[in-house]
Amino acid sequence: MENKIVNVLVIFGATGDLANRKIFPAINEIYNSKKLPENFQIIGCGRKEIKSNIFKELSSDLLEKSKYLKLDPTLDNDYKVLIKNLNKFQNEYDNINVIFYLSTPPSAYKPIIKNLVKNSLNKESSGYRRIIIEKPFGRNLESAKELNTILTNGFNESQIFRIDHYLGKETVQNILVSRFTNLIFSALWNKEFISYVEITAAESIGIKGRGDYYDNSGAIRDMFQNHLLELLCLVAMEEPNKNSPESIRNEKINVLKKIRKLNFQDDIVRGQYTSSKTENKKFKSYKENEGVKENSKTETFFACKLFVDNDRWRNIPFFIRTGKRLPTKVTEIVVNFKKNINVFSPNNETNMLIFRLQPDEGLLVKFNLKSPGEKSKIINKNMEFHYKNLGDDIIDDAYETLILDVFKGDTMLFSRSDFVEKAWEIVDPILNEISKNNIKLYGYKAGSWGPKKCDDLFRNQNTWRYPCKNLVNDGEICEL
Ligand code: BG6
């Protein structure tokens, strides 16, 4: 006889911004591409009494399969109503798969996990139980460890899906494939041929009504501890022995373990944006945002130079920067190759490989060629690939990919507990120095590329690439 299975997605914080902006649209897309598991149901939970239909953005078929429960997930007693609703499926189905999505403020994570466990909602007696939690995973090493302990007391690592949405981006997933399947890249991927790597995640937006959260977080916690360290690991890691979640995740952690202790004085730059006015734009300062303390010392810009002390990368700098209110929104990784000085050109330009993660997703290689008609002049040109040339809507939203992976039980694109802790081990000492006022905070004008001091990280040898919206920025079609 056929085993009948129902798949239930329980969303805590269903009335919140994340559910609205990311989760519901992703579910719609998964549904439209016919990839939703059969017999799919949504139970949205929230503290609020709702007046309007919170599921109205869902396609009509999904709307029928969605239900709202008013419950305070931090209160043990309120879980009765959830259990009752889950048990109702027993009449019709043999197995009930349940995913709990914690789309709440991080302060609610611990009570929710504890309550799920207390009410045996983690037990996999009739179908799987999985839990999704969103970054931030703690706000320092200690709190991350505490959160991991609570999680792993109730769930196996294979049931836990920590979302760092950068890992769901198509172009981020491509980094390993491009690195390891192209001999022309992989053969040169080491300190003999690469002189330095830049990782930039620039945003033109400010903090958009998130003052309370951001002022307690700052760029280091918000972007560096998670998204940017993940990117660094993908660029720097060794080839895994298998194309499996655990092998890949092990290799990423090996990179973190080899990061040299940062030089706080010379290799870190923090900034905070100040107001600015140009001919057609006026920006208020960070401190003028609601929820931000008047004398806030929170950084909205962070840059650092770090080293991975292993045979592949010894003494090759990785420059990382991120900031709010920069001139444009761009995330890219730039691999700068060493100069190839020889009889044809003593001063030729270097090769550069750019992974453009967003926008105008693509890959670009800068290479040298002879200037036509001139015997010894060398010109440096672009060889480029743009994802958009593969067709419209070729790139799925990260949330779509990640939620689909949770249905499949594929943990590859999620942060494992040891990664999270190791990343905090790198970040904690920086935060400690900041709390002792040992790392300066520089102002930078909103709309600029951050504090001037940032260039000093290169010690005058090189400079950052200043990317524009287009992958190609040869001055002709650069759009900020
Ligand atoms: C989030 C941060 O994790 O990532 C935000 O909390 C940031 O502050 C966002 O704006 C950037 O993501 P993306 O996908 O727009 O680069």
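Remember, it's a predicted structure, so these values are computed and weren't measured experimentally. (Residues numbered from 1 in each chain as written. Predicted model: local features only at pLDDT ≥ 70, side-chain atom pairs only at ≥ 80, totals over all residues. Heavy atoms only, no water.)

Given two aromatic rings, one states the distance between the centres and the angle between the planes to describe the pair. By the definition in use, this model includes 21 aromatic pairs. Measuring from centroid to centroid gives 5.7 Å for F24 and F55, while their planes differ by 65 degrees, and the two rings are edge-to-face. Pair noted here: F24 is in helix α1 (residues 17-32) and F55 is in the loop between β2 (40-46) and α2 (60-63), with a separation of 31 residues, a long-range link. Each of the two residues, F24 as well as F55, counts as buried. (Phe/Tyr/Trp six-rings, centres within 6.5 Å; stacked < 30°, edge-to-face > 60°. Helix = DSSP H or I, 4+ residues; strand = E, 2+ residues; numbered from the N terminus. Buried < 20%, exposed > 50% of the residue type's maximum accessible area, 1.4 Å probe, protein only.)

Throughout the structure, instances matching the rule amount to 27 salt bridges. The partner of R249 in a salt bridge is E246, and the shortest N-O contact between them spans 3.3 Å. Residue R249 and its partner E246 are both found in helix α10 (residues 245-257); the two are separated by 3 residues, about one turn of the helix. By relative accessible area, which is 35% here, E246 ends up partly exposed. Ionic pairing is found between K408 and D405, a salt bridge with its closest N-O pair at 3.8 Å. Taken together, the residues K408 and D405, both in helix α11 (residues 398-408) and 3 residues apart, mark about one turn of the helix. Salt bridges sharing common partners tie together E246, R249, R416 and D418. (Salt bridge = Lys/Arg side-chain N within 4 Å of Asp/Glu carboxyl O.)

Every residue lining the ligand is accounted for by K135, H165, Y166, K169, E203, R210, D222, M223, H227, K324, K329 and Q358. Between Q358 and the ligand, the recorded distance is 2.6 Å, taken from a side-chain N or O atom to an oxygen atom. Burial of the ligand by the protein amounts to 83% of the accessible area it has alone, namely 400 Å². In terms of residue count, the dominant contributor to the shell around the ligand is helix α9 (residues 218-236) (3 residues). Across the shell around the ligand, the residue classes break down as 2 nonpolar, 3 polar and 7 charged. (Near = heavy atom within 4 Å. Polar contact = N/O pair within 3.5 Å; in protein donor to acceptor, adjacent residues only side chain to side chain. Areas by Shrake-Rupley, 256 points an atom, 1.4 Å probe, with all protein chains shown as cover. Nonpolar A, V, L, I, M, F, W, Y, C, P; charged D, E, K, R; others polar.)

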